[in-house]
Amino acid sequence: MPKKQKHPKVVIIGGGTGLPVLLRGLKKHPVDITAIVTVADDGGSSGRLREEMDIPAPGDIRNVLAAMSDVEPFIEKMFQHRFTEKNELSGHSLGNLILAAMTSLTGDFVHAIQEMSKFLNVHGKVLPAANQSVVLHAEMEDGSIVSGESKIPFSGKRIKRVFLTPEHIKPLSETLTEIKRADLIVIGPGSLYTSILPNLLVPGIGEAIVEASAKKVYICNLMTQAGETLDYTASDHVKALYNHVGCSCIDSILVNNEEVPREVQQRYEEEFAKPVVYDVDSLKNMGLEIIQDRIFSYEGHVVRHDTKKVAELLYRMIEKNKKQ
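Residues numbered from 1 in each chain as written. Predicted model: local features only at pLDDT ≥ 70, side-chain atom pairs only at ≥ 80, totals over all residues. Heavy atoms only, no water.

Things to note about the nonpolar core
Phase 1: Grouped together as the largest cluster of nonpolar side chains are 96 residues, with contacts concentrated most on Leu65, Tyr218 and Leu314.
Phase 2: When residues of this core are assigned to their parent elements, the largest contribution, seven residues, is made by helix H13 (residues 307-323).
Phase 3: Non-local contacts of Leu314, meaning those with residues more than four positions away in its chain, are made with Leu22, Leu26, Leu184, Val186, Val217 and Ile219. (Core = buried A, V, L, I, M, F, W, Y, C linked by side-chain atoms within 4.5 Å. Buried < 20%, exposed > 50% of the residue type's maximum accessible area, 1.4 Å probe, protein only. Helix = DSSP H or I, 4+ residues; strand = E, 2+ residues; numbered from the N terminus. Contact = heavy atoms within 4.5 Å.)

Structural notes on empty space enclosed by the protein
Phase 1: Under the counting rule described, the total for this entry stands at one cavity of 30 Å³ or more.
Phase 2: Empty space within the largest cavity amounts to approximately 40 Å³.
Phase 3: Forming the walls of the largest cavity are Thr38, Val39, Ala40, Ala129, Ala130, Val134, Leu164, Pro198 and Val202.
Phase 4: A class-by-class count of the residues in the lining of the largest cavity yields eight nonpolar, one polar and no charged. (1 Å grid on protein atoms, 1.4 Å probe; cavity = no way out; pocket = protein on both sides within 12 Å on 5 of 7 lines; lining within 4 Å. Points joined across faces, edges and corners; volume = space filled by probe spheres on them. Nonpolar A, V, L, I, M, F, W, Y, C, P; charged D, E, K, R; others polar.)

Here we look at the sheet that holds strand E5 (residues 145-147)
Phase 1: In spatial order, the strands read E5-E4-E6; together these three strands make up an open sheet with antiparallel pairing. With partners counted over all chains shown, the strands left at the sheet margins are E5 and strand E6 (159-165), one partner each. Direction aside, neighbouring strands of the sheet carry axes that sit 25° apart on average.
Phase 2: Sheet topology note: the strand E4 (residues 135-140)/E5 ladder contains three bridges and is antiparallel. Across the sheet, residue Ala138 finds its bridge partner in E5, namely Val146.
Phase 3: With respect to the sheet, helix H8 (residues 192-200) is in contact with E4 and E6, its orientation differing from that of E6 by roughly 50°. (Pairing = 2+ DSSP bridges. Axes fitted to C-alpha atoms, helices over the stretch in contact; angles between N-to-C directions.)

As C-alpha cells, then:
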C-alpha cells in the first residue's frame, strides 16, 4: 500500500475573535493544524470560572474548539450557547461549563480539551498556552500597573509592556514539540497585548518560536484598538512583538492593501479606532517579506479578516516553501 502523504504542519498562535475566524478557513485546506491559545482572559464567564475553580480561562479555547469542529450546526450552536436568564447561570456559555466540568472530572484542563475535541470532531489540535491559571498585567508608560486582561484596554493610558504572573509558569512540552516540528508558524490575528503576547510570554514559547526552522508570519490587525494600539502602524505592532520576545521573531507580515470603506471607518471612529497604516518602508527596513492583498470582509460595520482569502494566502506560502 502507498504511504499516506503527510499534511504540512501549521501552528497558529493567538486568541480573541481573530483566531477562530482564521481557523474556519484554514481547516478546509489539507494542513495539520495546531492552535496555541491564550488562557489569560479574566472577564465574563471565563473569569468567573477561573476564580471559582482555579482553572485556566476556557473562553478562548471554547471558541477555537467550535471553529475547528466538524459537527452538526445545532451541536456547535448549543456548545456556544450563552445563558441570559437572570440566575446563577446568567452570562455563562455552555461550552465553558462543559470544559470546567470535564476539568473537574479528569483533574486536568488539557485532558478536558482533548476529550472535548473528540466529541466535537475537531480538525487538528488545540493546546492552551499554559495548563494553569495565569494573570496578565500591563506596565503603563507612566509606570503604573494595571492587572487583569479585561481591565487593560480601559486604563486610558499607553502600554509600555505586558507580563504574566505567577512567576513560574510552565509551557506544555507538547506545545514546544509542535512549534519545533511546524512547517509554518502563524502569529495572530488578534488583540496585540491581550490576545497574542500572553502566549509568547509563557516561558519557553517565545524561545521555541525563535529557534524553530519554520517560516514565521504575523497577520497584522486591520484596525487599531483604543487602549492597546492607538495610532500604531504595522511596524509598531512588530516592534512590540520583538520587544517582548527579546529579538526579531518573524519572517513575513500579511497586510491589507485595500482601503476600508469610509462608512465602516466612521463606525470605528466612535471607538477611536482607524485602519492600521502599513508603513511599507519601515517593514522592509526590518527585513520582512511583505504579503499584501485585500484581506478584510465586513458584516454591517464590523471589519474582520477574510477567512477564505487569508487561509488561501497562508496555504500558498506553504506550497511555495515546499518548492524552495
